[in-house]
Amino acid sequence: MARRNSKRPGLFKNDKTVSSSMKNVGNAFVQKTLDAGVKAANDQKDKNVKVVRKPKYLEVTEKRLNSLGVIDLKPFFARSSHRKTRKGGGWYLRVPIQLRKKNMSRRMYDQLRTTNISPDEQRTVISDYLYDRRRVSDSTMLNYQPVSYNVTKKKIGSRKHAYVAFRTVSDKSPASSWIINRDKVSTSDTSKTFVRNVNRLMKWKMKNGWE
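Presented here is a report on the structure given in the accompanying data block. This is a predicted model, so every value here is computed, not measured.

## Concerning the nonpolar core
1) Next: The biggest cluster of nonpolar side chains holds 13 residues, and the ones touching the most others in it are Leu65, Val70, Leu142, Val185 and Val198.
2) Next: For this core, the secondary-structure elements that each account for two or more residues are helix 2 (56–68) and helix 5 (192–208).
3) Next: The element contributing the most residues to this core is helix 5, with six residues.
4) Next: Beyond its immediate chain neighbours, meaning those up to four positions away, Val198 contacts Thr61, Leu65, Ser139, Leu142 and Val185.
5) Next: Core analysis: the second largest hydrophobic core is formed by 10 residues, Leu99, Met104, Met108 and Val125 among them.

## A closer look at the pairing of strand 5 (residues 150–155)
1) Next: Summarising the sheet, strand 4 (residues 122–126) and strand 5 pair through five bridges and their orientation is antiparallel. By the bridge assignment, Val125 is partnered in strand 5 with Val151.
2) Next: The pairing of strand 5 with strand 6 (residues 161–170) spans four bridges and is antiparallel. In the strand pairing of strand 6, Lys153 is matched with Tyr163.
3) Next: The antiparallel pairing of strand 5 with strand 6 creates a hairpin that spans five residues between the two strands.

## Notes on the pattern of salt bridges
Think of it this way: side chains of opposite charge can pair up when their charged atoms draw near.
1) Next: A full pass over the atoms with the stated rule returns eight salt bridges.
2) Next: Across the pair Lys205 and Glu62 runs a salt bridge, and its minimum N-O distance is 2.5 Å. Note that Lys205 is positioned in helix 5 and Glu62 in helix 2, a separation of 143 residues in sequence.
3) Next: Between Asp171 and Arg86 there is a salt bridge, with the nearest N and O atoms lying 3.6 Å from each other. You can see Asp171 sitting in the loop between strand 6 and strand 7 (179–180) and its partner Arg86 sitting in the loop between strand 2 (84–85) and strand 3 (91–99), a full 85 residues away along the chain.
4) Next: For Asp171, a relative accessible area of 30% corresponds to the partly exposed category.
5) Next: Residues joined in a network through salt bridges with shared partners are Lys54, Glu62 and Lys205.

## What about the sheet that holds strand 5?
1) Next: Spatially, five strands are ordered 2-3-6-5-4 in an open sheet, and the strand pairing comes out antiparallel. Each edge of the open sheet is held by one strand with a lone partner, namely strand 2 and strand 4.

## Section: the packing of aromatic side chains
1) Next: One pass over the full model with this rule turns up two aromatic pairs.
2) Next: Ring centres of Tyr131 and Tyr149 lie 5.2 Å apart, and the angle between their planes is 85°; this geometry places the pair in the edge-to-face category. In this pair, Tyr131 sits in the loop between strand 4 and strand 5 while Tyr149 sits in the loop between strand 4 and strand 5, placing the two residues 18 residues apart along the sequence.
3) Next: Judged by its relative accessible area of 26%, Tyr149 falls in the partly exposed class.
4) Next: Positioned over the ring face of Phe166 is Arg94, at 4.3 Å from the centre of the ring.

Cut-offs and rules
- Residues numbered from 1 in each chain as written.
- Predicted model: local features only at pLDDT ≥ 70, side-chain atom pairs only at ≥ 80, totals over all residues.
- Heavy atoms only, no water.
- Core = buried A, V, L, I, M, F, W, Y, C linked by side-chain atoms within 4.5 Å.
- Buried < 20%, exposed > 50% of the residue type's maximum accessible area, 1.4 Å probe, protein only.
- Helix = DSSP H or I, 4+ residues; strand = E, 2+ residues; numbered from the N terminus.
- Contact = heavy atoms within 4.5 Å.
- Pairing = 2+ DSSP bridges.
- Salt bridge = Lys/Arg side-chain N within 4 Å of Asp/Glu carboxyl O.
- Phe/Tyr/Trp six-rings, centres within 6.5 Å; stacked < 30°, edge-to-face > 60°.
- Lys NZ or Arg CZ within 6 Å of the ring centre and 35° of its normal.

See below:
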């Protein structure tokens, strides 16, 4: 009786193929487990609350943002012990931002330095030059147009003054208003694909939450 040639399944052709195939099986199992977990969470939670799992490529994008030092400070303020709550819900926090000469443009420093606050100990100055050195990102979703130009000039010695910009952050603050190092997201330093994914990540967060 003639012996039939048996064809070895592709899965077992070599060790590399076996390893790759098992890895794919494992990844598929993990994804199904996570999907099942999200479904179970949705079944248990309030009908008005829905758990949405962040896509893998957005998780990768977020990790890269963190490694670049592009960080949203708003979630940290939200957990601050100094935050205050509003009647009817919500929270807010007043943040003092110290302004130093080395971080000011020349015309801003000249304006603040020559503003006479006597006989007061402090006075609020409106400076159109406050954001002279502000940098922007190629990701439009990371950028933010400031609405306050107030700077407090305070006397701290016979001939010395301190400059502080008081800003309020709250649960209603725009998504991009407290992001630092946003300028590190650029097509020249990263890639057009990464910039697009950052925009998608910001849209996802605004729709599904920051956690």
